[in-house]
Amino acid sequence: MTFSLLLSTLALAGCGAYVDQRADKQEIRATQSYPPTGRFVDVDGTRVHAHIEGRGPDLILIHGASGNTRDFTFDFVDRVKDRYRVIAFDRPGLGWTERLGDRQTGPINTRAETPAQQARLLKAAADQLGVRDPIILGHSYGGAIALAWALEFSDHPAALVPVSAASNPWPGGLGPLYAVNSSRVGGAVVVPLITAFAPKDRAETAIAAIFAPQSPPQGYADYIGVGLTLRRETLRANAQQVNSLRPHVVDMSKEYPLIDIPVEIVHGAKDRIVPLDIHSTPLAQQIPAANLTILPDVGHMPHHVAPQAVINAIDRAAARAGLR
């Protein structure tokens, strides 16, 4: 977002009542169209949404930035529920999981939940669900949560499957929109405008960019619930979490050699969102028990465009952990 555009946006703040009314309507439409698909677990006052299907060893799925459990329930859960008990969690502030209550600092929350805090929240929810020795698959930002989980609770996961995982420090920034949306002023002014007026074709363009060089599966954009992602508090949470991730990854990366459970990494060589050479290539060298599967022509969404490769990685992780 350019400075002139930001000034124009601030000028529109005088229309705040109309913007809020329109944003309210968009959020109501989204929540009615895309209701929870699972059950809720209360963790010290924070409501966590978990979609659970299947029988077998526990397999936890953690989605990436701007996502929710629907990214997995679109197709992937059906592919693995015949031999795993699958638990897909919404991360704090995304989908149907609430933000961590103790992070609220005023009308506009500007305190991002760290990877460690998110891991602790989801682990507490998993405990209530009777999860034992899980395989934890984390996609993209969710990969950072999976790694934080293993570092926070070394005796809990049986294995990890980081898929296109954000795992190591990257050069440069993430773009001005993340910084604006994660700020107090941006959260109060810019975010409601996005919720109120974001065109459907812009969302579809963003989804296409995430899947590139492949295309999204037919029906994905309608199923995923873009309206859930565009809710005001979700936009703020996502921007704050992404914008603050790098320093946590810097610290976590120093501890990866301590992870001594089976780790099966999957990453597309054509991933331009979370590049292979910056993230998974070094990760495979940092973790002693890691194997790296590189998918030559695949982008950022292997679990959709090359699902069998991801399933094979899960099965290998389960076998190495003695779960199958």
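### A short note on the overall build of the chain
Within the chain, the regular secondary structure consists of 16 helices and eight strands. Here the C-alpha atoms of the chain give a radius of gyration of 19 Å, agreeing with the 20 Å that 2.2 N^0.38 yields for 324 residues. Based on the C-alpha atoms only, the size of the chain along its principal axes is roughly 60 × 40 × 40 Å. Per-residue burial over the chain gives 52% buried out of 324 residues. Within the chain, residue pairs in contact and separated by at least 24 positions form 81% of the contacts whose partners lie at least 6 positions apart. Just so you have it, the chain exposes about 13500 Å², and 54% of that area is on carbon and sulfur atoms. Of note, the chain has its 31 positive side-chain charges centred 3 Å away from the centre of its 31 negative side-chain charges.

### Regarding the nonpolar core
Within soluble globular proteins, side chains that are nonpolar generally end up buried alongside one another. The biggest cluster of nonpolar side chains holds 43 residues, and the ones touching the most others in it are Ile60, Phe89 and Trp149. For this core, the element with the highest residue contribution is helix α6 (residues 141-152), accounting for eight residues. Those residues in contact with Phe89 that sit more than four places away from it in its chain are Val48, His49, Ala50, Ile60, Leu61, His63, Thr69, Leu122, Ala125, Ala126, Leu129 and Trp149. Counting residues in hydrophobic clusters, the runner-up holds 25 residues, among them Val77, Ala88, Ile135 and Val298.

### Topic: the sheet that holds strand β5 (residues 135-139)
Ordered in space as β1-β2-β4-β3-β5-β6-β7-β8, the eight strands form an open sheet in which the pairing is mixed. Lying at the two open borders of the sheet, with one neighbouring strand each, are β1 (39-43) and β8 (290-295). Across the sheet, the axes of successive neighbouring strands diverge by a mean angle of 20°, strand direction being ignored. Examined bridge by bridge, strand β3 (residues 58-62) and β5 share four bridges and lie parallel to one another. Considered in β5, the bridge of Leu61 is made with Leu137. Against the sheet, helix α5 (residues 115-128) makes contact with β1, β2 (46-53), β3 and β4 (85-89), and its axis sits at roughly 115° relative to β1, the strand it touches most.

### A look at the pattern of salt bridges
With the rule as written, the count across this model stands at 16 salt bridges. The shortest N-O distance in the salt bridge between Arg232 and Asp24 comes to 2.5 Å. Of this pair, Arg232 sits in helix α12 (residues 232-243) while Asp24 sits in helix α2 (residues 16-33); the two residues are 208 residues apart in sequence, bridging distant segments of the chain. For Arg232, a relative accessible area of 11% gives the class buried. In this structure Asp24 comes out as partly exposed when scored by relative accessible area, which is 36%. For Asp58, the salt bridge identified is with Arg85, shortest N-O distance 2.7 Å. A residue pair is termed long-range when its members are at least 10 positions apart, and Asp58 in strand β3 and Arg85 in strand β4 qualify at 27 residues. Salt bridges sharing partners connect three or more residues here, namely Asp20, Asp24, Glu27 and Arg232.

### Quick word on the pairing of β5
Of all five residues in β5, five are buried; the element is thus mostly enclosed. Here β5 shows no split at all, with Ile135, Leu137 and His139 on one side and Ile136 and Gly138 on the other all buried. Where β5 meets strand β6 (residues 159-163), five bridges bridge the pair, whose relative direction is parallel. Pairing of His139 across the sheet is with Val163, part of β6. Following the chain from β5 across α6 to the adjacent parallel β6, one finds a crossover that is right-handed.

### Thoughts on the side chain of Ser253
Mapping Ser253 onto the fold places it in helix α13 (residues 245-253). On the accessibility criterion, Ser253 (12% relative accessible area) is buried. Beyond its immediate chain neighbours, meaning those up to four positions away, Ser253 contacts Ser167, Asn168, Pro169 and Gln286.

### Topic: the packing of aromatic side chains
The tally for this structure, following the rule as stated, stands at five aromatic pairs. Taking the centre distance of 5.1 Å and the plane angle of 75° together, the rings of Phe211 and Tyr220 count as edge-to-face. Looking at Tyr220, the relative accessible area reads 5%, which means it is buried. Within the aromatic cluster, the residues linked to one another by ring pairs are Phe74, Phe211, Tyr220 and Tyr223. Its end group placed over the ring of Phe40, Arg47 keeps NZ or CZ at 3.9 Å from the ring centre.

Analysis parameters
- Residues numbered from 1 in each chain as written.
- Predicted model: local features only at pLDDT ≥ 70, side-chain atom pairs only at ≥ 80, totals over all residues.
- Heavy atoms only, no water.
- Helix = DSSP H or I, 4+ residues; strand = E, 2+ residues; numbered from the N terminus.
- Rg over C-alpha atoms; globule rule 2.2 N^0.38 Å.
- Buried < 20%, exposed > 50% of the residue type's maximum accessible area, 1.4 Å probe, protein only.
- Contact = heavy atoms within 4.5 Å.
- Areas by Shrake-Rupley, 256 points an atom, 1.4 Å probe, with all protein chains shown as cover.
- Lys, Arg positive; Asp, Glu negative; His and termini not counted.
- Charge placed at Lys NZ, Arg CZ, Asp CG, Glu CD.
- Core = buried A, V, L, I, M, F, W, Y, C linked by side-chain atoms within 4.5 Å.
- Pairing = 2+ DSSP bridges.
- Axes fitted to C-alpha atoms, helices over the stretch in contact; angles between N-to-C directions.
- Salt bridge = Lys/Arg side-chain N within 4 Å of Asp/Glu carboxyl O.
- Right-handed = clockwise from strand over helix to strand, strands pointing away.
- Phe/Tyr/Trp six-rings, centres within 6.5 Å; stacked < 30°, edge-to-face > 60°.
- Lys NZ or Arg CZ within 6 Å of the ring centre and 35° of its normal.

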